[in-house]
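Observations on chain architecture
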Amino acid sequence: MNIHEYQARALLKAAGVPMFDGDVASTPTEAEAIARRLGGTVVVKAQVHTGGRGKAGGVKLAANPAEAADVASRILGMSINGLTVHKVLVVPAADIATEAYVGLIMDRETQRPVFMVSPAGGIDIEEVAATAPEKILRLPVDPVYGLLPHHAYTLAFFLYREFAHVKAAARIVEQLYRVFTENGASLAEINPLVTTADGRVLALDAKVTVDDNELDRRPDLALLRDESAENPAEVAARRANLTFIKLDGNVGCVVNGAGLAMATMDLVKYYGGDPANFLDIGGSSNPDKVVAALRIITSDPRVKAILFNIFGGITRTDDVANGIRTALEQFPVKVPIVVRLTGTNEAEAVQILTGIGMKALSDMDEAVRQVVAAAKEAA
Amino acid sequence: MSIFADRATRLVVQGITGRDGSFHTRQMVEYGTNVVAGVTPGKGGLRFDDKVPVYNTVAEAVRETGANASVIYVPPVGAAGAMYEAADAGVRLIVCITEGVPVMDMTRVLPFVRARGARLIGPNCPGLITPGEAKVGIIPGNICAPGRVGIVSRSGTLTYEIVNHLTRAGIGQSTCVGIGGDPLIGTNFIDVLRAFQDDPDTDVIVLMGEIGGTDEQMAAEFVRQSVTKPVIGFIAGQTAPKGRRMGHAGAIISGSSGTAEEKIAAFEGAGFGIMKRPLDVVELVKARL
């Protein structure tokens, strides 16, 4: 789960990471009040779950409170990469001497949290990794012992020469490690970590991504989810316990299992079609999920045909067939539906579908060919 | 022969009285798996379906029944605890079916299990099956047949699709292993490839990967250096967008790494037969048996 910069700042602040004062605003008036309290020139930053905010005009300087209100009124409501800005962060414009990068990711290869730090901060770390890998220090942390003091100093000495800066940075990496582990993060990042002309070391921007699997046991973190920052269809899908990702094509897909769902999209492409979505109804079958899935897929007018691809293991195919029948009773589906199902309770499923005048195929390739043809005909 | 599980497997089911645990225990017993015990704290002394003895702890189950393998069907919050307990009790094979285990938990579980010499498969996996001998997990037994093709995969139903194609074409399997779709897992492709390479009853290996991470690339490198048996590969997610988690927690293209293209290129470089679609498995395997 992505959280906003202002929320990540709050997590870092709670761990003691030093940063400039600042606050979040939902209206120009609020932004003006924050700017007045801070005094001097401020930066107004759009809070959206996407990169490239600066380039899109979502990060602007304001010399006084009135200007902050004006800038905020232009940023609030703007659309960045398809996402509407509902909140802005107002922070003082810093007098920056240097910019560094400090990040912590959950690394699959070492199966540990791995620090990545670089004195070349403020820019895309992937770019630094590609062009100047010697400017990055990677350090895996043994989660059983945590970040050891000499590790913290190794990281800090890679960033700074002046010992006062080193000491401050060593404390900050320890605090960041705590934010990472205590909040079940998959990423925690300070970019940039800055030094100021008066010798302080501060976090200027923060990013934290929380492992979705933490949310059940951490309702406090689940509260940080901002559904207004997500695609509405994806929000509806999550509420129905479906995994749904919107794509650009016109063949709607309903599949059980993530791997098979991906392979189904790939096969649609293989036969010359274009998938409209990724949708996994999950392992345990429930007719209500199928109804929700059809409702979400048919709400997109671009969808010209729908494919069900169900391999019944734990999923009972008759539950899926019942879901299709119930959905068709509840609301009209105006596009053709092609159903492929095989496995658990297949005979019962076929009988249910036959009863409502639908055919069931047992072969995946045949079903995909048919749905691609149907979508082409309707387009 | 086979890998990881066979007739000698003596299985304990952790979470045997739960909804999923009880359903799948019946399926495993019906398949002929030697389920010797179940564990549900507080239900010790019961008999599951009047047959399988239930214990309060895994240690007790191991002591009383000689269980040497465990399968875990407990909810995500309890899954890490169940894995620690199984490893501490001296079980050699631990299969964790549970989906949704916090990754932070796995950073501590994995070294713990390794230090005790156990093999962990999963979490978030369908388990494994050695057709005709033992089923540990949730792979439907009726789609499998005994034979000489080893299967390893990061997914569940996609594996069933491929196995089904093979069985219907009269091609059986030695063992099918689902290693799981999470970013941090106990057994990776290389572990399974090594076991299949050493298994005299496996002639051809089918490997099903997906977008995200570098496990497939490392597997390809391992095959190039250390596997003499023919390998056939598939990558799911060729049409997946970047930066989105495709259902499996581990199936995500981060930045520009973990794409289907780079994985397929790695497979080609290691001489794999490449499946463009699931159905291709039949012809590719036939040509190599």
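A quick note: this is a predicted structure, and the numbers were derived from the prediction, not measured. (Residues numbered from 1 in each chain as written. Chains lettered and ligands numbered in written order. Predicted model: local features only at pLDDT ≥ 70, side-chain atom pairs only at ≥ 80, totals over all residues.)

Attention now moves to the overall build of chain A. In terms of helices and strands, chain A carries 13 helices and 18 strands. When its C-alpha atoms are laid out on the principal axes, chain A stretches across 80 × 50 × 40 Å. Intrachain contacts of chain A at a sequence separation of at least 6 include 68% that bridge at least 24 residues. (Helix = DSSP H or I, 4+ residues; strand = E, 2+ residues; numbered from the N terminus. Contact = placed C-beta atoms within 7 Å.)

A few words now on the pairing of strand S11 (residues 173-178) of chain B. Residue and element names in this part refer to chain B. Burial runs high along S11: 6 of the 6 residues are buried. One ladder, built from 3 bridges, connects strand S8 (residues 127-130) with S11; its direction is antiparallel. Looking across to S11, one finds that leucine 128 is bridged to valine 177. The sheet contact formed by strand S10 (residues 146-153) and S11 spans 5 bridges and is parallel. Paired with valine 149 across the bridge in S11 is glutamine 173. What joins S10 to S11 is helix H5 (residues 157-168), and the crossover it makes is right-handed. (Buried ≥ 20, exposed ≤ 12 C-beta atoms within 10 Å, placed from the backbone. Pairing = 2+ DSSP bridges. Right-handed = clockwise from strand over helix to strand, strands pointing away.)

Our focus in this paragraph is the interface of chain A and chain B. Opposite the 42 residues of chain A that make contact, chain B presents 43 residues. Of all the secondary structure elements, the ones that give two or more residues to the side of chain A that touches chain B are strand S8 (112-118), strand S13 (243-246), helix H9 (258-270), strand S15 (277-280) and helix H13 (364-378) of chain A. Looking at which element gives the most residues to the side of chain A that touches chain B, the answer is H9 of chain A, with 11 residues. A per-class count over the side of chain A that touches chain B returns 19 nonpolar, 11 polar and 12 charged. (Nonpolar A, V, L, I, M, F, W, Y, C, P; charged D, E, K, R; others polar.)

Let's shift gears to the sheet that holds strand S12 (residues 204-210) of chain B. If you trace the 7 strands from one edge of the open sheet to the other, you get S9-S8-S11-S10-S12-S13-S14 (chain B), paired in mixed fashion. Two strands bound the open sheet, and with one partner strand each, they are strand S9 (134-137) and strand S14 (273-274) of chain B. Strand contacts of H9 of chain A: S12 and strand S13 (231-236) of chain B, with the helix running at about 85° to S13 of chain B, the strand carrying the most contacts. (Axes fitted to C-alpha atoms, helices over the stretch in contact; angles between N-to-C directions.)

Our next topic: the domain arrangement of chain A. Each assigned domain of chain A is listed here: domain 1 (21-92), domain 2 (96-222) and domain 3 (231-378). Here domain 1 of chain A and domain 3 of chain A have C-alpha centroids that lie 42 Å from each other. (Domains from an automatic or database assignment.)

In this structure, the amide linkage connecting asparagine 191 of chain A to the following residue, proline 192 of chain A, adopts the cis form with an omega of 10°. Turning to its location among the elements, proline 192 of chain A is positioned in strand S10 (residues 185-196). Along the chain, glycine 122 of chain B connects to proline 123 of chain B via a cis peptide bond; the corresponding omega equals 10°. Counting through the fold element by element, proline 123 of chain B comes out in the loop between strand S7 (119-121) and S8. Phi angles above zero are rare outside glycine, and asparagine 241 of chain A is one such case at about 60°.

The next thing to look at is helix H6 (residues 163-182) of chain A. All names here are of chain A. The terminal C-alpha atoms of H6, which comprises 20 residues, lie 29 Å apart, in line with the 28 Å expected from a rise of 1.5 Å per residue. Along H6, the residues classified as buried are His165, Ala169, Ala170, Ile172, Val173, Glu174, Gln175, Leu176, Tyr177, Val179 and Phe180. Phi for glycine 184, located one or two positions after H6, is positive at around 55°. (Expected span 1.5 Å × (residues − 1).)

The next subject is helix H7 (residues 215-226) of chain B. Three or four residues apart is the spacing at which side chains of an α-helix point the same way, because the helix has 3.6 residues per turn. All names here are of chain B. Its 12 residues give H7 an end-to-end C-alpha distance of 16 Å, which sits within 8% of 16 Å, the value for a rise of 1.5 Å per residue. Looking only at H7, the buried set comprises Asp215, Glu216, Gln217, Ala219, Ala220 and Val223. Lining the buried residues of H7 we find helix H6 (189-198), S12, S13 and helix H8 (260-269).

Residue and element names in this part refer to chain A. For strand S17 (residues 337-343), the tally of buried residues reaches 7 of 7 residues, placing the bulk of the element in the interior. The pairing of strand S16 (residues 305-312) with S17 spans 7 bridges and is parallel. Residue pairing for S17: asparagine 309 is matched across the bridge by arginine 340. Taken together, S16, helix H11 (residues 317-330) and S17 constitute a β-α-β crossover, and its handedness is right-handed. Remark: the S17/helix H12 (residues 346-355)/strand S18 (residues 360-361) crossover connection has right-handed handedness.

This brings us to the sheet that holds strand S6 (residues 88-92) of chain A. Residues and elements named next belong to chain A. Strand order in this open sheet of 4 strands is S1-S6-S2-S3, and the pairing throughout is antiparallel. Of all the strands in the sheet, just strand S1 (23-25) and strand S3 (59-62) have a single pairing partner and so form its edges. Going across the sheet, the axis of each strand differs from the next one's by a mean of 30°, ignoring polarity. Of the pairings in the sheet, the one linking strand S2 (residues 42-46) to S6 comprises 5 bridges and is antiparallel in character. By the bridge assignment for S6, valine 42 is matched with proline 92. Sheet strands touched by helix H3 (residues 65-75): S1, S2, S3 and S6. Its angle to S2, the strand with the most contacts, is close to 15°.

Turning our attention to the domain arrangement of chain B. How big an interface is tends to be stated in terms of accessible area lost as the parts join. Residue and element names in this part refer to chain B. Under the domain assignment, chain B is made up of domain 1 (11-121) and domain 2 (139-286). Using C-alpha coordinates to define each centre, domain 1 is positioned 26 Å away from domain 2. Counting residues per element, the ones that place at least two in the side of domain 1 that touches domain 2 are helix H4 (103-115) and S7. Looking at which element gives the most residues to the side of domain 1 that touches domain 2, the answer is H4, with 5 residues. In terms of residue class, the side of domain 1 that touches domain 2 is built from 8 nonpolar, 1 polar and 1 charged.

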